[in-house]
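# Descriptive analysis of the structure
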Amino acid sequence: MDIRAQVAMTFHLDKCIGCHTCSVSCKNIWTDRKGVEYAWFNNVETKPGTGYPHKWEDQEKYKGGWKKSGDKIILRANGKFTQLGKNIFGNPHLPTMDDYYEPWTYDYENLFTAPPSKNQPTARPISLVTGDYIDIKSGPSWDDDLSGSEIYAKNDINLEGLSEQEKNDLHELERLVYFYLPRICNHCANPTCSAACPQSAIYKRGEDGIVLINQDQCKSWRMCISGCPYKKVYYNWSTGKSEKCLLCYPRLETGQAPACFHSCVGRIRYLGVLLYDADKIVETATTDDADLVEQMRGMIMDPNDPEVVKAAMKNGVDPKLIESAKNSPVYKFFIKWKIALPLHPEFRTLPMLFYVPPLLPVIGKRKDGIYDQVMDDDSDIPQMSQLDKARIPIKYMASLFSAGNEDEITKVYRKLMAVRIFKRAEEIHDIPEDEVEEAMKLGDTNPEEIEAIYQLTSLPTMEERFVIPPLAREMAIEDLESPFTRKNEGGFGRKIKPKRRW
Amino acid sequence: MSNWIKDILDPKSREWEEFYRNRWQYDKVVRSTHGVNCTGGCSWNVFVKDGIITWELQATDYPLLDKTLPPYEPRGCQRGISASWYVYSPLRVKYPYIRGSLLTLWKRAKKKHKNPMEAWASIVEDEKSRKKYQKARGMGGFRRADWNTVLEIIAVSSLYTAKKYGPDRVFGFSPIPAMSYLSYGGGSRFLQLFGGVNLSFYDWYCDLPNAFPETWGEQTDVAESADWYNSRYIVSMGSNLSMTRTPDVHFISEAKNVGTKFVTIAPDFSMAAKFADWWIPIKQGHDAALWSAVNHVILKEYYVDKKVPYFIDYIKKYTDSPFLVELVKEGDNYAPGQFLRANKLEEYKDISNGDWKLLVVDEDSNELRVPTGTIGFRYGEDNAGKWNLLPNDMNGKPLNPLLSLIDTSKETAKVAFYEFGEKKEYVREVPVRKVKTVDGEKLVTTSLDLLFAHFGVGRGMKGDYPTDYNDESSYSPAWQEKFTGIGRDTVIKLAREFASNAERTEGKSMVITGAGVNHWYHQNLIYRSAITALILTGCVGKNGGGLNHYVGQEKLTLMTPWLSIALATDWGGPPRVQQAPLWHYINSDQFRYEGEFTDYYHLPEGRKYAKGHTADHIAKSVRNGWMPYYPQFSQNSLDLAKEAQEAGKTDDAGIKAYIAEKINKGEIDLSVEDPDAPENWPRVFLIWRGNALMSSAKGHEFFLKHYLGTSDNLIKDEEAGEYLKDVKWREDAPIGKFDLVVDINFRMDTSALYSDIVLPTAMWYEKNDLNSTDMHSFVHPLGAATPPAWEAKSDWDIFKEISKKISEISSEFFPEPVKDIVTKPLAHDSPDEITQPEIKDWKHDDGVDYIPGKTGFKLAVTERDYSKLYQKFISLGPNVRNNGLGAHGIRFPVDDIYDEMANEPTTRSPDPKHFRSVEWDGQRYPSLEDALDAANAILRFAPESNGELSFRAFEAMEKKTGLDNLTDLAEKYRSVRMTFEDLKTQPKRILTSPFWSGDVNEGRAYTGYALNVDKFIPWRTLTGRQSLYLDHPNYIDFKEQFPIFKPRLDMNLVGDLDNTDDSNAVALNYITPHGKWHIHSTYGDNLRMQALSRGCYPVWMHPDDAAKIGIEDNDWVEVINDNGVVVTRAIVSSRIPVGTAWIYHSPERTVSVPLSNERKKRGGGHNSLTRVKLNPMLLSGGYAQWSYGFNYWGPVGVNRDTFVLVKKLKNLEWE
């Protein structure tokens, strides 16, 4: 057992509003400067859709992530050294500016300075790259809320398993649907960005597993960008270095949730430590698609198991951090309740961000222009979301969250529905007992678990949603500098710009 | 273990990590918020680094209401968190600006004329020079100016206007005080001290749900969002919660997990539909048809088949259901008339206010009895203590009202019901009772019996009742299909689930509504249809229930002291406050562009009132005192007062009598009857905190033409001439009525761009102010994180400066104080509301004279002392001390608090904890000099933040109602006091007060009308109960006694497309809901929001509509009609219903707008396509809840019934 600590995440998509507040809070703090105008460490996508950068999930196009090769995994782009040998002067799988977007601003000054003229002045868009007037053709949430659905939603790669008819149906009133997928760096246990870096500039922080690009060491090879199947590494064209989500480690280190978590108005985000067995990474990453989720669960260890605690202590994991792992909401969602799933586990990077899939309205039927809900009966008991009448095919959700394993998704939905049915019946008594029993059986759950899921979904405080591990900064720095000295002397000095800008 | 991933602990190799740590560091955090017209009311932390505002994050320290409710935090959204972008951006107004052509004229005039009045007169009285700068409006050519110059122009033009035409030609527009109390209040205080006019906003924005005054006598009172969590069945209608109630919508998903069902009724697959268990894709604007069928099912199954005791008990206690209604013979049948008045019975004919007391049948005695609590018991000494809902009659005898006559009466009458969807009459029998009255025998029935018949629930009665749910007669589930496109099975199921849930939970079914339905011409009816379902199922006044309308941050929680300060009634009054929709309709000359309103609004033959031109209805409403109108008279109100004084009328009563007599003789002209005469034009227009010329300018292009006199894209024909009767038609429409337009702003928005002067104001993070909302029950501050940047000043300080300038120079214009005559409409919550039991018109009806406050508007006399304007501005006047404070007809004493504050030192610096006083002319007053002083004064004088005053207010309420259990609500909190300092520390929850109908004690979530239900306090309506039946004579004539269904207006009749070339175009219904990337026009122009959207303000359409004209996603298009044109890009999406074009309101035409190919000029904003159409019925007044209140009552600025053509833009041209 090689126990390590990972700050992990859960996003509850049923609660996601699609507001993008997370994106802006991040932008304000981290990427509001030259070179990364186009970079959104946090972005929110509408699904079905092609996302940002355009069609990022299509690894035929971008060659990101790992692929299974016999009982091993190899970088889809054939490993850093092969890649380097072949393409020393260029990396053919990088997204281009068209795949992201050409960042712009407006000629706002014109509104103040325009001379008297025949027409009202306006602020035309200007490229932040060339400084010229620009015709805007794409943006970081270009297909938001099914914008351009004919072009984008219809070309979502996760629809590939569906028939033409099924795909078209998703744009008809009866089945019309979308939901949101907020994305940040997954801080993977097996990150391809790091594996692909010829400079070894990308590492996982030992104490919390945060994946970082050393801004001193990065030499702009950009293999990380093609390597990351989630396209969550961005090239700063001004500094010539790659940058990515840092999980707001300066905030985490001071006991605050990352800005995007803090600002999440839907209260969809959870954060806490997982203990995982690094010895199991290879075995997990090489599992067949269908078993990937289950194997990933197997890699996460029980923080209450004395053996695990012992092994963790042996590895130097701080005891306070182990304590915090016991309260980790992510452990509950992913391991205990099994209602959160990794995004595209088949990329085999072992992402440490898990999504609770969204419930969606039931389908309808239309006859002679008259629309009706599809209902089971004419009783007066409120019928809530139903799995067999889901607007979006289970196959689609499985493509996103379980490497095609429809059973995994089904189980999650059954449990989520059981929670609602049980809670309603408990208070209002309008659902027959046998139906409640049946729902719990199908959901493989029980009243205690339901109560716990309900509490953490509906009533949590910030402290329950974000169980931020103590990161013992005094110990982290003391090899370098006495914390006492840091206290007394930290911050003195002048800001001296490096040779290349930041 | 895989060895390709490095786990690094070594601090040496990680020293670089400081790179990001340094960015995160900051120097200061200050609590503030965004004072924009958004219901969010979110508390934010603003981060300051090196003295520069860098970013904001939500404050997460809202106290938890109760452990059974999810926490509020974090509150805030994508728009709010982009606010810091503005502070130092290239869009920031840093200095005063003035149009170059005006500045040149002013400088020349100043050289020529020593007297500033003569200088200003030389510019505005010369048509050539006036036109010169008017035509330049919006067309570039700004120059940076100094504060002194622009303040002087503003002061001079205002005083000139007052002198020449009267102060009621100086207008100001600023919306929604709740978002920043003092920023609004500074401007309104200045205007009211000056004698100017504040324009309303809530009605103009079409945020006012008229159904609230109609049903409850309340502007709006709704649940805080935490109460959604208490609901077990939530239906949202016309409200895209996730998009517009962003910080609150988590309560919905959290409620879902406790077993609540969530249903979304929306024509598009909206962001809220994603949250729903059901999405009901209704045809836009026809929600009332669906709810009518829901009501049909509820009445049939829960009142006839099941007779649910909870429902029956509820409507008996809290609604007008048992009240007797007179039936009036009309042809072969009967028509439902007015409630039978108590004084129609011999027995009660002499009781006080007998026209305003009503009758029910007592179930136990079968006698007709007079229940307490109707509006007649609200006024008059002899009625004190009888205004309550206790189950007694007026003599104190126990009363058990009979809901229906069906079991006790054998007689029936045939009553005719008109169905507007099919334009068809149904004749249905209802049970009746004969009553002997002083006017002879009358047929009466109950309000509930009529409701059964209206909804087509026959109960075995004969007539045109539907036989079953599949019968397509009104209002069956099958009937509604043709209007809504929704199947009968869905509607039946919805009704059953909704009602059964309410039965099982005793009222925890909820409807959440929004602008999506409130912006239709028949918005009040859509609302009433859903309100009826809620009332019938006992869901109003219950936690987890109710109709919750969240449109506009209208809830000024600390209303009572604020009103005195903002409307300057601490010094004088009455204030001049203007109903904006009718004002803009008249003054921007939109009335000229339509014929009679029945051209587009179908009404059956034989109407007494429901006909003619809307402008004439407005004139009548002004004469009758139903609605305010300023300017009041063609004559200067100061001159008239002087004339009266010169005629020997020394006291106010004498002056009023003199004026009334002149009006009766026709010697004074009402401005509203000749609005295009130059002496009746509004002259000076001050805009602050709002986007009066674009975002809210329904009929924007009409504004450009008739208000500003600049370039417009309007091609509509004028057609009113031949239809006008009372309002004078002038052949040539005035072009450019305003002499001066001033915009106070921190960003260069469209209104700023088109103004003559732009003043730089403090951004929200640079000033101290107060903020409250109806979405939650806290008050919190806007706090200054840094001083106002560059040359900006806070709104409070700007108006203080203007006041000072006026006081400095006023002696040139007004050497002495002068008297002013103020007209005033008949007011809600005052005895005025029992003045006009029937409609009379002193202009036309024989034997009816103008009697102020009876047959027509009221008159008041006040004093204007312009030399003391500044001193009054900075001091809280003595009226507060002498008259006490109050609202809704309840007052409480505050003299001790006033005196205490007036005794505070004069010498302190302003701070958030202390009070100060000011001293002038030998008197001391509580200080309002600084915004902090004013904030603390409001907190100290409001019952919601001062427990002692809550107690006193409930004491006054007990006296009024005769209820003896109200002060209990305040006893425990009597020692609570809040200061601005407290709010800075943490958002503070308000206290329960009688000025709001919710109860927040013991952590209870606020919900509207809880006190009415719990404590038997009457609603402020005619019956004192919730109104299902509306008996105002206008309502009877317009056939809106019932929550009836009226379809949206017909595209072919509204006249939007008469002159617009329709080749290569698709005609669509134009929908302008609240958007994702802006709160109205704010935020939408910043780079964050533009980057996340499409880099412009796009129009959304369905692929089928786009295909008809060969439009692909992101193509440039023109959206065009006779009113104007928008040039933008198309978003093609299957999410949008066929037949509609959606532009999220509200674009700025300042950002990325090319020229129109068709009209050759710059494309406009969303309001370039709108023109205001007012519903004349909503002008009704002088009658119970139909009495005027600012932002409470009147027609609203509807805009959904608009039609456009969409075409491909052939040539993309920018200049």
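Anything mentioned here points back to the structure above.
Residues numbered from 1 in each chain as written. Chains lettered and ligands numbered in written order. Predicted model: local features only at pLDDT ≥ 70, side-chain atom pairs only at ≥ 80, totals over all residues. Heavy atoms only, no water.

## Some details on the pairing of strand 13 (residues 333-339) of chain B
Side-chain positions along a regular strand alternate between the two faces of the sheet. Residue and element names in this part refer to chain B. We apply this condition: Each residue is assigned to one of three classes by its accessible area relative to the maximum for its type, calculated with a 1.4 Å probe on protein chains only: buried under 20%, partly exposed between the two thresholds, exposed over 50%. Counting from the N terminus, the helices are the DSSP runs of H or I reaching at least four residues and the strands are the DSSP runs of E reaching at least two. We call two strands paired when DSSP finds no fewer than two bridges between them.
Judged by how many residues are buried, strand 13 sits mostly within the fold: six of seven residues are covered. Summarising the sheet, strand 12 (residues 324-330) and strand 13 pair through five bridges and their orientation is antiparallel. Looking across to strand 13, one finds that L327 is bridged to P336. Taken together, strand 12 and the strand that follows it, strand 13, pair antiparallel across an intervening segment of two residues, in which G331 is found at a positive phi of about 65°.

## Side note on helix 3 (residues 100-112) of chain B
Under the convention used in this document: By definition here, a helix of n residues has an expected span of 1.5 Å times n minus one. Whether two residues touch is decided by their heavy atoms; if any such pair falls within 4.5 Å, the residues are in contact.
The first and last C-alpha atoms of helix 3 of chain B sit 19 Å apart over 13 residues, in line with the 18 Å expected at 1.5 Å per residue. Next to the buried residues of helix 3 of chain B lie strand 5 (97-99), helix 4 (116-124), helix 5 (127-135), strand 6 (142-144), helix 6 (147-164) and strand 24 (740-745) of chain B.

## Observations regarding the sheet that holds strand 11 (residues 278-280) of chain B
All names here are of chain B. Rule in force here: The axes are straight lines fitted to the C-alpha atoms, using for helices just the contacting stretch, and the angles between their N-to-C directions are given from 0 to 180°.
Pairing is parallel in the open sheet, where five strands are placed in the order 11-10-9-20-21. In this open sheet, the two edge strands, each paired with only one partner strand, are strand 11 and strand 21 (546-549). Going from strand to strand, the sheet's axes swing by 20° on average, the running direction of each strand aside. In this fold helix 17 (residues 523-536) packs onto strand 9 (233-237), strand 20 (509-513) and strand 21, with an angle of close to 145° to the strand it touches most, strand 21.

## Thoughts on the interface of chain A and chain B
What counts is decided by this rule: Values labelled buried area give the accessible surface lost by two parts on being combined, using a 1.4 Å probe and summing over both. The salt bridge criterion pairs a side-chain nitrogen of Lys or Arg with a carboxyl oxygen of Asp or Glu, the two atoms within 4 Å.
Facing the 142 residues of chain A at the interface are 132 residues of chain B. Of the roughly 11600 Å² buried between chain A and chain B on both sides combined, carbon and sulfur atoms contribute 56%. Sorting the residues of chain A by area buried against chain B places Y108(A), F112(A) and Q120(A) first, and these three jointly supply 8% of that buried surface. Taken together, chain A and chain B are joined by 16 salt bridges. Across the pair E73(B) and R267(A) runs a salt bridge, and its minimum N-O distance is 4.0 Å.

## Description of the packing of helix 21 (residues 637-646) of chain B against helix 22 (residues 652-664) of chain B
Residues and elements named next belong to chain B. Threshold: Working definition: roughly parallel below 35 degrees, roughly antiparallel above 145 degrees, roughly perpendicular at 65 to 115 degrees, and oblique for all remaining angles.
Taken N-terminus to C-terminus, the directions of helix 21 and helix 22 make an angle of 110°; their axes are 9 Å apart at the nearest point. The pairing of helix 21 with helix 22 is recorded here as roughly perpendicular in orientation. Contacts between helix 21 and helix 22 involve L640, E643, A644 and Q645 on the former and, on the latter, I655, Y658, I659 and K662.

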